[in-house]
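As a plain string of letters, each chain reads:
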Amino acid sequence: MAAIKQTVEQVKALESYEHGFISDIESEFAPKGLSADIVRFISAKKDEPQWMLDWRLEAYERWLSLDKPHWAEVQFPPIDYQDSYYYAAPKTKDGPASLDEVDPDLLAVYAKLGIPLKEQEVLAGVIGAPRYAVDAVFDSVSVVTTFKKELAEVGVIFCSMSEAIREHPDLVRKYLGTVVPTSDNYYACLNAAVFSDGSFVYVPAGVRCPMELSTYFRINAENSGQFERTLIIADKAAYVSYLEGCTAPMRDENQLHAAVVELVLLDDAEIKYSTVQNWYPGDPVTGKGGIYNFVTKRADCRGDRSKVSWTQVETGSAITWKYPSCVLRGEGSSGEFYSIAVTNGRQQADTGTKMIHLGANTKSRIVSKGISAGHSSNTYRGLVSAHPKAIGSRNFTQCDSLLIGKDCAANTIPYVEARNGQSIFEHEATTTRLSEDQLFYARQRGLSQEEAVALLVNGFVREVLQELPMEFAVEAQKLVAISLEGSVG
Amino acid sequence: MLSIQELSASVGEKPILNGLSLTVPAGEVHAIMGPNGAGKSTLSYVLTGREGYEVTGGTATLDGVNLLSLAPEDRAAKGLFLSFQYPLEIPGVPALTFVRAALNAQRKARSEDELAAPAFLKLAREKAAALKIDFDMLKRPLNVGFSGGEKKRMEILQMAMLEPRFSILDETDSGLDIDALKIVADGVNALRGPDRSMLVITHYQRLLDYIKPDRVSVLANGRIVATGGPELALELEKSGYDRYAA
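Here we summarise the structure given alongside this text.

## As for the overall build of chain B
Step number 1: Helices and strands together make up the secondary structure of chain B, namely 8 helices and 10 strands.
Step number 2: The globule rule puts the C-alpha radius of gyration for 246 residues at 18 Å, and the 18 Å found for chain B is close to it.
Step number 3: If you line up chain B on its principal axes, its C-alpha atoms span 55 × 40 × 35 Å.
Step number 4: Taken over 246 residues, chain B has a buried fraction of 43%.
Step number 5: If you take every contact in chain B between residues at least 6 apart in sequence, the share linking residues at least 24 apart comes to 71%.

## Concerning the sheet that holds strand β9 (residues 215–220) of chain B
All names here are of chain B.
Step number 1: Read from one edge to the other, the open sheet built from 6 strands follows the order β6-β7-β8-β3-β9-β10, with strand pairing classed as mixed. Two strands in the sheet have a free side with no partner beyond their single neighbour: β6 (80–83) and β10 (223–228). Strand-to-strand, the axes of this sheet are offset by a mean angle of 20°, without reference to chain direction.
Step number 2: Across the sheet, helix α5 (residues 148–162) touches β6 and β7 (166–170), and the angle it forms with β6 is around 165°.

## What to know about the interface of chain A and chain B
When the parts of a complex come together, some accessible area is lost, and that lost area is often used as the size of the interface.
Step number 1: Taken residue by residue, the interface counts 19 residues in chain A and 24 residues in chain B.
Step number 2: Broken down by secondary-structure element, the contributors of at least two residues to the side of chain A that touches chain B are α10 (436–444) and α11 (449–465) of chain A.
Step number 3: In terms of residue count, α10(A) provides more of the side of chain A that touches chain B than any other element does, 7 residues in total.
Step number 4: Here the side of chain A that touches chain B is composed, by residue class, of 8 nonpolar, 5 polar and 6 charged.

## Side note on the packing of α5(B) against helix α6 (residues 178–190) of chain B
All names here are of chain B.
Step number 1: Where α5 contacts α6, the axes come no closer than 10 Å and their chain directions differ by 10°. Compared by their axis directions, α5 and α6 come out roughly parallel. Two secondary-structure elements touch here, α5 through Gly149, Lys152, Arg153, Ile156 and Ala160 and α6 through Ala180, Ile183, Val184, Gly187 and Val188.

## Re the sheet that holds strand β1 (residues 2–11) of chain B
Residues and elements named next belong to chain B.
Step number 1: Strand order in this open sheet of 4 strands is β2-β1-β4-β5, and the pairing throughout is antiparallel. What marks the edges here is a single partner per strand, and that holds for β2 (14–24) and β5 (65–66).
Step number 2: Both strand β4 (residues 53–62) and β5 contribute to a ladder of 2 bridges, which runs antiparallel. The residue bridging Thr61 from the neighbouring strand is Asn66, located in β5.

## Comments concerning the nonpolar core
Step number 1: Among the nonpolar cores identified, the biggest contains 188 residues, and A:Val201, A:Val240, A:Leu263, A:Ile271, A:Val457 and B:Val200 are the most heavily contacted of them.
Step number 2: A total of 10 residues in this core trace back to one element, the largest contributor, which is α11(A).
Step number 3: Residues contacting A:Val201, with those up to four places away along its chain left out, are A:Ile157, A:Phe158, A:Leu213, A:Ile232, A:Ile233, A:Val240 and A:Tyr242.

## What to know about α6(B)
All names here are of chain B.
Step number 1: In this model, α6 (13 residues) spans 18 Å end to end at C-alpha, consistent with the 18 Å of a helix rising 1.5 Å per residue.
Step number 2: Listed as buried for α6 are Leu181, Val184, Ala185, Gly187 and Val188. Seen along its axis, α6 keeps its buried residues to an arc of 160°; they face one direction. For α6, the exposed residues lying more than 90 degrees away from the buried face are Asp179 and Asn189.
Step number 3: At its buried positions, α6 is contacted by α4 (117–130), α5, β7 and α7 (206–210).

## Some remarks on the environment of A:Leu57
All names here are of chain A.
Step number 1: Mapped onto the fold, Leu57 is located in helix α3 (residues 50–65).
Step number 2: Look at Leu57 and you get partly exposed, because 15 C-beta atoms sit within 10 Å.
Step number 3: Residues in contact with Leu57, not counting those within four places in the same chain, are Ala36 and Val39.

Quick notes on the rules
Residues numbered from 1 in each chain as written. Chains lettered and ligands numbered in written order. Predicted model: local features only at pLDDT ≥ 70, side-chain atom pairs only at ≥ 80, totals over all residues. Helix = DSSP H or I, 4+ residues; strand = E, 2+ residues; numbered from the N terminus. Rg over C-alpha atoms; globule rule 2.2 N^0.38 Å. Buried ≥ 20, exposed ≤ 12 C-beta atoms within 10 Å, placed from the backbone. Contact = placed C-beta atoms within 7 Å. Pairing = 2+ DSSP bridges. Axes fitted to C-alpha atoms, helices over the stretch in contact; angles between N-to-C directions. Nonpolar A, V, L, I, M, F, W, Y, C, P; charged D, E, K, R; others polar. Parallel < 35°, antiparallel > 145°, perpendicular 65-115°, else oblique. Core = buried A, V, L, I, M, F, W, Y, C linked by C-beta atoms within 7 Å. Expected span 1.5 Å × (residues − 1). Arc of directions from axis to C-beta.

Okay, structure coming up:
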């Protein structure tokens with residue numbers, strides 16, 4: 001109840017997109033456009049070793065020969081890849097060694113966004129409250145990573161990708177691109193060529209990461225894309241829970257966000273990966289501006305009995321094209337995908353998952369809740385496949401769509417392939433409209449229109465919200481209500 | 001308490017209520033009977049402010065306050081409650097969550113303090129026990145998968161929790177077997193008092209054996225055509241509505 005009340009108050013307090021402010025941070029840009037020289041420029045900026053540059057250049061050559069995916073239920077004019085900056089970084093000296101050296105203007109931006117970067121402030125919080133280590137990525141670079149020391153004491157490596165390439169080249173070379181190969185798809189290949197930063201996590205065998213890890217992505221610079229690359233490795237019997245959040249200013253032009261996330265799980269490892277995506281969705285009436293969120297996320301359950309869980313709350317972006325997937329290679333490994341995708345205004349989302357059962361007795365579960373309002377379009381696209389060796393594999397899929405208003409669309413496109421006779425796949429799907437009757441019923445009991453919508457929508461997404469870490473569930477609940485503001489009546 | 005004067009209303013282009021007048025003083029239980037299509041449910045929706053029911057003339061006041069200009073939730077906060085003929089299912093929202101949100105929204109609208117969780121749960125347990133509702137049922141999404149009788153009992157439970165000054169019971173007896181009917185009637189009777197009034201809409205005399213009305217009115221062709229004591233209901237049971245039709 002408190003959350004519902006809070007939600008309603010928060011919605012009322014906001015005009016529309018809360019994080020739409022532009023910060024005046026002095027930045028350094030690469031020259032506009034994309035070429036092999038730009039790839040070299042980015043690599044040089046980051047002091048990368050030759051092998052990394054070679055990898056990027058190879059990806060760039062590959063990208064030139066690839067074609068864009070055309071199958072998604074999204075429409076947008078062709079992107080001019082020469083009309084964008086591929087590197088934008090806030091100007092600093094040599095990169096801050098500690099928090100005290102971070103540009104106070106940058107810290108102010110994160111404070112405004114409500115992201116805790118000051119460890120002492122986090123520590124000063126309520127005793128017993130969970131703590132979060134944060135990697136803050138601003139445009140193309142990671143500006144700070146908190147709690148590194150404390151994590152290092154238990155052997156957990158948590159740093160920016162740039163730092164990992166310099167400090168932990170063996171781990172990076174061993175795993176980078178092994179889950180999402182450079183040639184995987186058009187956007188992933190572009191990312192491999194020009195990725196600028198991202199987070200790197202390694203949890204050693206048998207270690208349970210003592211705190212939640214999170215990365216906070218912020219696009220600030222104009223005309224720039226963001227191409228971050230995240231690599232998380234959970235060694236044998238390791239456990240880590242990771243959360244990413246994203247926001248961007250309101251700008252009239254579209255900005256491309258083409259990220260790649262690779263998760264590697266060895267025997268008995270477990271990763272929980274949660275995303276709260278709140279990129280600027282564009283103007284709700286004209287559809288002008290907003291982020292193109294074209295992201296490739298994949299988990300490779302290499303180890304037996306390993307377990308991965310994706311939870312995503314997608315409320316932002318002009319266009320979302322994203323299918324966090326699980327390759328269930330290890331025997332008895334399992335994958336879960338919980339998704340809330342909200343579209344309003346002129347937003348388009350084509351999102352879902354792939355559960356690829358390769359090993360015997362692998363299990364997967366998909367719960368997708370799509371909410372469409374305004375003139376938006378919301379598609380669930382999912383693949384569940386079982387290969388000949390995946391004897392005894394099981395999947396349960398549930399896809400529910402909720403329509404608010406008369407001008408929106410919802411699609412459910414499931415692909416199912418079973419190449420052995422001993423797999424059990426279940427699929428349930430529903431599409432419902434938020435009914436005037438339900439709203440009236442709730443209002444007759446004393447709830448305002450906004451409270452009634454918040455209550456009904458929260459009921460619809462409850463199953464997925466329960467999968468998020470507590471604090472983020474409350475945030476996500478608010479975010480969903482804010483995204484739907486003005487969608488009824 | 002409730003005063004309706006010359007109320008006319010239409011749905012789409014179709015006039016349903018045609019100059020209906022009715023007064024229900026404080027403490028009175030007033031039964032409305034009438035044939036199908038007389039406008040009984042329309043009356044309940046017009047009073048509670050459902051969209052699509054357009055008032056074309058007349059007034060309706062509760063304790064002197066003009067109901068017709070208020071939003072549905074504001075009418076609820078003034079103490080107006082409707083027990084729905086067909087209660088809605090609310091997926092994903094536990095009954096307890098729903099009722100507590102409603103109760104606190106009303107209290108807030110009346111500038112009262114919210115009821116804290118322990119006090120709310122205690123109240124819910126008491127009221128559920130009185131209506132023979134298993135408390136665990138209140139943890140399930142409201143009305144989802146409930147039987148017709150269970151839904152009606154949930155309506156009366158909400159009524160008991162919200163303690164409205166004026167309740168409209170729309171065909172509360174439909175879908176109830178005799179045992180459930182007794183339980184529901186007991187719940188309703190427990191809420192009778194000098195400060196509360198009720199409008200009991202029904203087709204049949206049967207419900208009125210258990211909820212004894214102070215007065216009975218006949219609604220036909222969108223207006224009240226006869227009013228009398230409880231004996232009027234018995235008379236209708238014998239002779240039917242024919243003489244009020246056309």
